[in-house]
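# Architecture and fold: a report
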2 protein chains.
Amino acid sequence: MAHITTNTTAVLTASDISEIIRTVGLNHFMDDVIARIRGAALELDPETTLTIERGGFQYEKPTLGLVEWMPSMELGRAVGIKTVGYHPSNPTQRHLPSVMATTSIHDTSTGGLVALVEATLLTAIRTGAASAVVSDVLAASDSSVLGLVGCGAQAVTQAHAISRIRPITRIVAFDADPSIAATLAERLPLAIPIDLVETAADAIADADIVSTATTVEIGAGPVVQFGDFRPGVHINAVGADFPGKTELPVELLRAALVVPDEVAQCLKEGESQQLSEDELGPTLAELVQNAETFAEWRSELTVFDSTGWALEDLIIAEIALDYARELTIGYHTQLQHAPTDPYSPYESL
Amino acid sequence: MAHITTNTTAVLTASDISEIIRTVGLNHFMDDVIARIRGAALELDPETTLTIERGGFQYEKPTLGLVEWMPSMELGRAVGIKTVGYHPSNPTQRHLPSVMATTSIHDTSTGGLVALVEATLLTAIRTGAASAVVSDVLAASDSSVLGLVGCGAQAVTQAHAISRIRPITRIVAFDADPSIAATLAERLPLAIPIDLVETAADAIADADIVSTATTVEIGAGPVVQFGDFRPGVHINAVGADFPGKTELPVELLRAALVVPDEVAQCLKEGESQQLSEDELGPTLAELVQNAETFAEWRSELTVFDSTGWALEDLIIAEIALDYARELTIGYHTQLQHAPTDPYSPYESL
């Protein structure tokens, strides 16, 4: 993002984001996000790129859910804060996505809000892209069968992103709700045959890569069994994002190389809740920085513990803002009060 | 705020907030904010109204500043998150307010962003209102002289708010930068004579109530001396909002009843940095809930350690939203992505 010196706020709404992606092309956009997350991980300097473990309010009234904030900073440039709601009952009870998000970007030369970006669709895309970044290091290069456990919104971007980095020729998919599985093909932007199967075991039996993205209830996991996987499979575990919510059996995790995206967060709400810190493998960033070494794991059991990394949100918001400028999409508004005399708050009254 | 079931976002920009306040009347608006903060403090149920100590990034590059997030929740209804930048050099170097803020409000039945509200002006107003709430309990009922140490943006709302709850007939004001003090009268919405004086000691010598709101540098405090105050003065200490930044001498604090707005935050960045937790008096909420008892302190030395309480931000944003609905000000936008099929993130592409 170019340095912004005005104090107006650039706003990218849902329709702006859709227009950007339609104009750029969905595959091109996804490739960009994959490349930029990989690039940021490669160049990650913990002195200048900082993320803070997300905080949030969890509640059971009026319905089970949470609202969280995910902060990140590129020192000397920008602070990004994604605010995100997660309500697993949204799709069935309110016809809304379970994850709804917005990212605000603050210029660190003024503290002002320079951009506000829709992040519901962007969160789904960057989650897919992060799985692609990790799968590209850890999955066999000839991986052709993708297993999907859970066929909701996240499954769409998992399948899309992974098909960009591996020659996927067959998708085998399971959802505990067959009506959700039934519409997967029409929701996917892919000309890849999909086998809908009746058990999670069937979805993973032949898979070279698996993505789990279910809304399993707290304490009800795991949703798959260790013995049902092929030996060298790479698993993207996307669904665990809440204390007590896990999808994979602990004995599988103990046998695998487990790659957390953000260590503290994974230990708190990811699959890694079931592990201690010394049982974890490299982080996403460490993996990318040592990709050649870790490529030796392509024939071994590996797991990406994807809880969502705040830096991914800052990156994808900045990609959207870059395209918005290039394509003149979105608008600027004087959202924040800016009296001509900065000491005169009542000037306009 | 009425319960909102759509998933559009109400946006109140700087000009919307100004229009609301002009329409309602500045005094009426301030009285409302004072009453609603007092009311919320009075009815505060820690089981249903939650605030989390603010988090943030502090930095010295490209300039000294911070970006923080201040979360609050009214269980079963809404989560408010104010994001706020504090850059003390903004007014002199960038012609912008030192504090720039926005508040987002999330519906806890969906997690969606239901409102986005300009909060730069609102932060200044609620900070004044909070001082009025505390001063109304702890300052002598015939307080007529207000001392201001620091004449920037916060001084305007301090003087305005305090004049709403006490019969102020004279303001004595000092700023380390005389050019800032020189414009105070024209920035104040009050017909009260102002004496500009050349030292902080002169500003507080006759004052019944004092508000300190300076941009004193970290480690450079205190800005006033204990011996310069009248015995029964009530002090609103507004400026301390950064680790290492304090305005009052520790011996004064030790001799006073110190009322923190939010204990953990005050111990970290307020005047209470200089104290241990057991030296603190009642919180703002406890003070209001026991106002009759604490009114005995009106003839004694008292200090309000105002670091800014996240609940104040949620309250004032909701007041603005209530008026916006009543007056049909502001607009709704489909900021967040909302496909007709919640499982189909790519539907619009």
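Nothing here was measured: the structure is a model prediction, and the numbers come from that model.

This part is about the overall build of chain A. Each helix and strand in chain A was counted, giving 13 helices and 15 strands. Expressed as a percentage of the 349 residues in chain A, the buried residues total 61%. Within chain A, counting contacts between residues at least 6 apart in sequence, those at least 24 apart form 72% of the total. When the accessible surface of chain A is summed, it comes to about 11,900 Å², and 50% of that surface belongs to carbon and sulfur atoms. Chain A carries 19 positive and 47 negative side-chain charges, and their two centres are separated by 3 Å.

What follows covers helix α1 (residues 14-24) of chain B. Along an α-helix, a turn takes 3.6 residues, which lines up residues three or four apart on a common side. Taken as a whole, α1 of chain B has its buried residues at A14, D16, I17, S18, I20, I21 and V24 of chain B. Residues of α1 of chain B that are buried make contact with β1 (9-12), α2 (26-42), β7 (113-118), α4 (120-138) and α13 (310-327) of chain B.

Moving on, we get to the pattern of salt bridges. When charged atoms on two side chains of opposite charge get close, those side chains can pair. By the definition in use, this model includes 36 salt bridges over all chains. For R126 of chain A, the salt bridge identified is with D313 of chain A, shortest N-O distance 2.8 Å. Pair noted here: R126 of chain A is in helix α4 (residues 120-138) and D313 of chain A is in helix α13 (residues 310-327), with a separation of 187 residues, a long-range link. What makes R126 of chain A buried here is its relative accessible area of 4%. Overall, D313 of chain A belongs to the buried group, its relative accessible area being 3%. With a shortest N-O distance of 3.4 Å, E53 of chain B and K268 of chain B are connected by a salt bridge.

Time to look at unusual backbone geometry. Across the junction of K61 of chain B and P62 of chain B, the peptide omega takes the value 0°, indicating a cis bond. Along the chain, the position of P62 of chain B falls in the loop between β3 (55-59) and β4 (65-74). The omega torsion across G221 of chain B and P222 of chain B is 0°, close enough to zero to call that bond cis. Secondary-structure assignment places P222 of chain B in the loop between β11 (209-212) and β12 (234-237). Backbone geometry places H95 of chain A, a non-glycine residue, at a positive phi of 60°. Position of H95 of chain A among the secondary structure elements: in the loop between α3 (90-94) and β6 (99-107).

The subject of this paragraph is the packing of aromatic side chains. Residue and element names in this part refer to chain A. All told, the structure shown has six aromatic pairs over all chains when counted by the stated rule. Relative to W69, the ring of F57 has its centre 5.6 Å away and its plane inclined at 70°; by these criteria the two rings are edge-to-face. Of the two residues, F57 is situated in strand β3 (residues 55-59) and W69 in strand β4 (residues 65-74); the sequence distance between them amounts to 12 residues. Accessibility assignment for this pair places F57 and W69 in one class, buried.

Glancing now at α13 of chain A. All names here are of chain A. Helix length check: α13, at 18 residues, gives a terminal C-alpha distance of 26 Å against a target of 26 Å (1.5 Å per residue), a fit within 8%. Judged by how many residues are buried, α13 sits mostly within the fold: 14 of 18 residues are covered. Directly beyond the C-terminal end of α13, a positive phi value near 55° is found at T328.

A word on the sheet that holds strand β12 (residues 234-237) of chain A. Either a parallel or an antiparallel arrangement is found when strands of a sheet pair, and the pairing is made through backbone hydrogen bonds. All names here are of chain A. Reading across the sheet, the seven strands line up as β10-β9-β8-β11-β12-β14-β13 and stay open at both edges, with parallel pairing between neighbours. The open sheet has two edge strands with one neighbour each: β10 (194-196) and β13 (257-260). Between one strand and the next, the sheet's axes are offset by a mean angle of 20°, whatever the strand orientation. Across the sheet, α4 lies against β11 (209-212), β12, β13 and β14 (302-305), angled at about 160° from β12, the strand it touches most. Each of β8 (145-149), β9 (170-174), β11 and β12 is contacted by helix α5 (residues 153-165), which is oriented at about 165° to β8, the strand it contacts most.

Quick look at the sheet that holds β12 of chain B now. Residue and element names in this part refer to chain B. Strand order in the open sheet formed by seven strands is β10-β9-β8-β11-β12-β14-β13, with parallel pairing between adjacent strands. Two strands bound the open sheet, and with one partner strand each, they are β10 (194-196) and β13 (257-260). Strand after strand, the sheet turns through a mean of 20° between neighbouring axes, direction not considered. Relative to strand β14 (residues 302-305), β12 is paired through four bridges, and the arrangement is parallel. Bridge pairing in β14 places H234 opposite T302. Along the sheet, α4 makes contact with β11, β12, β13 and β14, crossing β12 at roughly 160°. Along the sheet, helix α5 (residues 153-165) makes contact with β8 (145-149), β9 (170-174), β11 and β12, crossing β8 at roughly 165°.

To continue, consider empty space enclosed by the protein. If you walk through the whole model with that rule in mind, you get four cavities of 30 Å³ or more. Each pocket or cavity is described by its volume, and for the largest cavity that value is around 110 Å³. T83, S104 and L116 of chain A together with S104 and L116 of chain B are the residues nearest the centre of the largest cavity, which is lined by 14 residues in total. If you list the elements that add at least two residues to the lining of the largest cavity, you get β5 (78-86), β6 and β7 (113-118) of chain A together with β5 (78-86), β6 (99-107) and β7 of chain B.

With that settled, the discussion passes to the relation of the copies chain A and chain B. By a simple turn and slide, chain A fits onto chain B: the slide is 0.0 Å along the axis, the RMSD is 0.0 Å, and the turn is 180°. Classification of the inter-copy transformation places it as that of a two-fold axis. Among all residues of chain A, the minimum C-alpha distance to the rotation axis is found for W69 of chain A, at 4.2 Å.

Glancing now at the pairing of β13 of chain A. Residues and elements named next belong to chain A. Alternating residues of β13 divide into L257 and V259 and V258 and P260, and every residue in both groups is buried. As paired elements, β13 and β14 share four bridges and run parallel to each other. Looking across to β14, one finds that V259 is bridged to F304.

Next up on the list: the interface of chain A and chain B. Taken together, the contacts link 79 residues of chain A with 79 residues of chain B. Counting each side, the surface lost to burial between chain A and chain B is near 6,800 Å², with a carbon and sulfur contribution of 72%. For the pair chain A and chain B, the interface holds zero salt bridges. Summed over the shared surface of chain A and chain B, the result is 31 residue pairs in polar contact (both at pLDDT 80 or more). Residues of the side of chain A that touches chain B, tallied by class, amount to 40 nonpolar, 33 polar and six charged.

Another point: the confidence of the model for chain A. Averaged over every residue, the pLDDT of chain A is 95; the share at 70 or more is 98%. Below pLDDT 50 for its whole length, residues 1-5 of chain A participates in 14 contacts with residues either more than four positions away or in separate chains.

Each value, and the rule that gives it
- Residues numbered from 1 in each chain as written.
- Chains lettered and ligands numbered in written order.
- Predicted model: local features only at pLDDT ≥ 70, side-chain atom pairs only at ≥ 80, totals over all residues.
- Heavy atoms only, no water.
- Helix = DSSP H or I, 4+ residues; strand = E, 2+ residues; numbered from the N terminus.
- Buried < 20%, exposed > 50% of the residue type's maximum accessible area, 1.4 Å probe, protein only.
- Contact = heavy atoms within 4.5 Å.
- Areas by Shrake-Rupley, 256 points an atom, 1.4 Å probe, with all protein chains shown as cover.
- Lys, Arg positive; Asp, Glu negative; His and termini not counted.
- Charge placed at Lys NZ, Arg CZ, Asp CG, Glu CD.
- Salt bridge = Lys/Arg side-chain N within 4 Å of Asp/Glu carboxyl O.
- Phe/Tyr/Trp six-rings, centres within 6.5 Å; stacked < 30°, edge-to-face > 60°.
- Expected span 1.5 Å × (residues − 1).
- Pairing = 2+ DSSP bridges.
- Axes fitted to C-alpha atoms, helices over the stretch in contact; angles between N-to-C directions.
- 1 Å grid on protein atoms, 1.4 Å probe; cavity = no way out; pocket = protein on both sides within 12 Å on 5 of 7 lines; lining within 4 Å.
- Points joined across faces, edges and corners; volume = space filled by probe spheres on them.
- Least-squares fit on C-alpha atoms with pLDDT ≥ 70 in both.
- Buried area = accessible area lost by both parts, 1.4 Å probe.
- Polar contact = N/O pair within 3.5 Å; in protein donor to acceptor, adjacent residues only side chain to side chain.
- Nonpolar A, V, L, I, M, F, W, Y, C, P; charged D, E, K, R; others polar.
- pLDDT = per-residue confidence, 0-100.

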